[in-house]
Amino acid sequence: MERHAVLSSLAARGTGTAPQRLTELALELDIPAADLLVVAGHPVPAELLPPKRDAVVMREFAYRVSHCDHSRLAALEVFARSLPRVAVREPFVEPAWPGRRPAETRFAAVLGELLRNRGFGVRELPFMGLARSTLYQMVWRWDPSPHRRQQLSAVAGPLGWTLPDLFAVADEPYSTEVRPMLHCHHLGRVFAAAVPLTTAQLIEVAKEADRLSVREDHGAWQPVSEGFADECPDLLR
């Protein structure tokens, strides 16, 4: 069974699948175990969630990483995974819900949990071509609409998900004509690699991103990154 078919099945009736089996399946599918637990409707254990981090640093980290092209994202992912896992001294604090109100639809809840798995609130996400009001709506009531395919193509990349996989979880028909809006899943792979990192380590990764991207600092005027999805090697094959 292809990966998107497995994900579609788990999204529809995954609560009957044991968490241990989901963890094993996550390795087989190359998807974070926390994400597969969310898709299947299971709680995510604390050890798979990020530590408490400074929101301003999170926002700067995401912005600076988004200026890296594919070869630099690959190097940055290796760098993030090479940093030591630090034992957090203070008690674990579950990441806040990314929206302004609780989710009222199934897929809004899934999206919110996927963001929370990475420690992101809506304000911490990099520019994705969507208004913040739209993103807040998506983690509150994300119902099927004419805009849903475009919205999915915007959020998949920063989550580290391919479009066919996220469309399958959303129960939305996928066409190969659909392309990531700005960022492909390679950006999200760096964000996923950074999940265990502390605030201080995120600063290290952000500095390394600047070194790799040779991004000019424009001070108060900092144009957003419009991504490198058009150059994604997976889409050029």
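Note that the structure is predicted; figures quoted are calculated from it, not measured. (Residues numbered from 1 in each chain as written. Predicted model: local features only at pLDDT ≥ 70, side-chain atom pairs only at ≥ 80, totals over all residues. Heavy atoms only, no water.)

> Honestly, unusual backbone geometry in this entry has me stumped. Any pointers?
With the exception of glycine, most residues fall at negative phi, and the peptide bonds are largely trans. Residues other than glycine seldom take positive phi values, yet D30 does so here, at roughly 60 degrees. Here D30 lies in the loop between α2 (19–29) and α3 (33–39). Classification of D30 as exposed rests on a relative accessible area of 52%. In this structure, D171 takes a positive phi of about 55 degrees despite not being glycine. When you line up the elements, D171 lands in the loop between α9 (163–170) and α10 (185–193). (Helix = DSSP H or I, 4+ residues; strand = E, 2+ residues; numbered from the N terminus. Buried < 20%, exposed > 50% of the residue type's maximum accessible area, 1.4 Å probe, protein only.)

> Which parts of the structure should I look at to understand the nonpolar core?
Burial of nonpolar side chains together is a common tendency in soluble globular proteins. Counting residues in each nonpolar core, the largest one holds 66 residues, and the members touching the most others are L36, V65, V155, W161 and L166. Here V155 is in contact with L111, M128, L130, L135, M138, W142 and L166, once residues within four sequence places are set aside. (Core = buried A, V, L, I, M, F, W, Y, C linked by side-chain atoms within 4.5 Å. Contact = heavy atoms within 4.5 Å.)

> How should the packing of aromatic side chains be read in this particular structure?
Both the distance between ring centres and the angle between the ring planes are used here to describe each pair of aromatic rings. Scanning all chains against the criterion turns up four aromatic pairs. Relative to W142, the ring of F107 lies with its centre 4.9 Å away and its plane at 40 degrees, an arrangement referred to as tilted. Remark: W142 occurs in the loop between α7 (132–138) and α8 (148–159) and F107 occurs in helix α6 (residues 106–117); sequence separation between them is 35 residues. We note that F107, like W142, is buried. Taken together, the ring pairs in this structure connect F61, F120 and F191 into an aromatic cluster. Just above the ring of Y136 sits the side chain of R100; from NZ or CZ to the centre is 3.9 Å. Note that R101 overlies the ring of W140, its terminal NZ or CZ placed 4.0 Å from the centroid. (Phe/Tyr/Trp six-rings, centres within 6.5 Å; stacked < 30°, edge-to-face > 60°. Lys NZ or Arg CZ within 6 Å of the ring centre and 35° of its normal.)

> Explanation requested: helix α4 (residues 55–65) in the structure shown.
Residue pairs spaced three or four apart in an α-helix point in one direction, given the helix's 3.6 residues per turn. Buried within α4 are the following residues: V57, M58, F61, A62, Y63, R64 and V65. Where the residues of α4 are buried, they touch α5 (70–82), α10 and α11 (199–213). At the N-terminal end of α4, a side-chain oxygen is found 3.0 Å from the backbone nitrogen of V56, two or three residues along, and the residue is D54. (Polar contact = N/O pair within 3.5 Å; in protein donor to acceptor, adjacent residues only side chain to side chain.)

> Looking at this structure, how should I read the packing of α8 against α10?
Two measures define how a pair of helices packs: the angle their axes make with one another and the distance between the axes. It is at 5 Å that the axes of α8 and α10 come closest, and there the two elements cross at 40 degrees. It follows that α8 is oblique to α10 by the angle criterion. On α10, the residues touching G157, P158 and L159 of α8 are H185, L187, G188 and F191. The class makeup of the residues in the contact of α8 with α10 is four nonpolar, three polar and no charged. (Axes fitted to C-alpha atoms, helices over the stretch in contact; angles between N-to-C directions. Parallel < 35°, antiparallel > 145°, perpendicular 65-115°, else oblique. Nonpolar A, V, L, I, M, F, W, Y, C, P; charged D, E, K, R; others polar.)

> When you look at the packing of α6 against α8 in this model, what are you seeing that I'm missing?
Contact geometry of α6 with α8 gives a least axis separation of 11 Å together with a crossing angle of 25 degrees. Between α6 and α8, the crossing angle belongs to the class labelled roughly parallel. Considering how the two elements wind past one another, α6 and α8 form a crossing that is left-handed. Contacts from F107, L111, L114 and L115 in α6 reach R148, L152, V155 and L159 in α8. When grouped by side-chain class, the residues that make up the contact of α6 with α8 number seven nonpolar, no polar and one charged. (Left-handed = near helix turned anticlockwise from the far one by under 90°.)

> Just checking my understanding: could you explain the pattern of salt bridges for this structure?
Once their charged atoms are close, side chains differing in charge can pair, the charge on each being opposite to the other. With the rule as written, the count across this model stands at 17 salt bridges. Between R141 and D143 there is a salt bridge whose closest N-O contact spans 3.5 Å. When salt bridges with common partners are traced through the structure, they connect D30, E77, R81 and R189 into a single cluster. (Salt bridge = Lys/Arg side-chain N within 4 Å of Asp/Glu carboxyl O.)

> Is there a simple way to explain α10 in this structure?
Of all nine residues in α10, seven are buried; the element is thus mostly enclosed. All buried positions along α10 are accounted for by H185, H186, L187, G188, V190, F191 and A193.

> Would you mind going over the environment of A103 with me for this structure?
Relative to the helices and strands, A103 resides in the loop between α5 and α6. Judged by its relative accessible area of 27%, A103 falls in the partly exposed class. Here the alpha-carbon distance between A103 and E113, two residues 10 residues apart in the chain, equals 9.9 Å. Here A103 is in contact with W97, A108, A109, V139 and W140, once residues within four sequence places are set aside.

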